[in-house]
Amino acid sequence: QVQLVESGGGLVQAGGSLRLSCAASGTFFSINTMGWYRQAPGKQRELVATITSGYTTNYADSVKGRFTISRDNAKNTVYLQMNSLKPEDTAVYYCNFWVYVSLQTLQGYWGQGTQVTVSS
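Residues numbered from 1 in each chain as written. Predicted model: local features only at pLDDT ≥ 70, side-chain atom pairs only at ≥ 80, totals over all residues. Heavy atoms only, no water.

Which residues make up the pattern of salt bridges, and what values go with them?
Counted by the stated rule, this structure contains four salt bridges. Two residues, Asp89 and Arg38, come together in a salt bridge whose shortest N-O distance is 3.0 Å. In this pair, Asp89 is assigned in the loop between strand E8 (77-82) and strand E9 (91-100) and Arg38 in strand E4 (residues 30-39), connecting sequence segments 51 residues apart. Accessibility assignment for this pair places Asp89 and Arg38 in one class, buried. Between Asp61 and Lys64 there is a salt bridge, and its shortest N-O distance comes to 3.1 Å. Note on accessibility: Asp61 and Lys64 belong to one class, exposed. Overlapping salt bridges, with partners in common, bring together Arg38, Glu46, Arg66 and Asp89 in one network. (Salt bridge = Lys/Arg side-chain N within 4 Å of Asp/Glu carboxyl O. Helix = DSSP H or I, 4+ residues; strand = E, 2+ residues; numbered from the N terminus. Buried < 20%, exposed > 50% of the residue type's maximum accessible area, 1.4 Å probe, protein only.)

Which residues make up the state of the cysteines, and what values go with them?
According to the stated counting rule, one finds one disulfide in the structure shown. Linked covalently through their sulfurs, Cys22 and Cys95 form a disulfide whose S-S length is 2.0 Å. Around the S-S axis, the bridge from Cys22 to Cys95 shows a dihedral of about 45° and counts as right-handed. Placement of the pair is Cys22 in strand E3 (residues 18-26) and Cys95 in strand E9, with a sequence separation of 73 residues. One exposure class covers both Cys22 and Cys95, and it is buried. (Disulfide = S-S within 2.5 Å.)

So, in structure tokens, the structure goes:
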């Protein structure tokens with residue numbers, strides 16, 4: 001079983017910064033793609049950013065130039081550095097890992113979510 005634990009959310013004023021972290025624990029072979037998604041009240045969950053095992057990154061247009069995703073494979077951790085935050089970034093942020101639980105089996109896991117609130 002694989003568990004993902006998120007940290008780093010909170011309340012920040014517009015223009016401020018936050019850094020989210022998500023660490024995996026449990027038994028597995030390796031982690032493929034890591035990513036961050038968010039869900040605002042009354043809206044569907046949406047992609048924020050992803051990073052592959054080869055360090056290729058992908059960002060939603062709404063966060064390009066403001067957010068940076070990175071990973072530390074030694075710590076099984078993904079980070080999301082969020083700068084120049086806007087009120088519309090307010091949401092619950094979820095990490096998502098695609099994990100090789102065996103040599104041929106890839107499974108997806110979600111974190112519990114962390115609230116990010118940006119005040120105007």
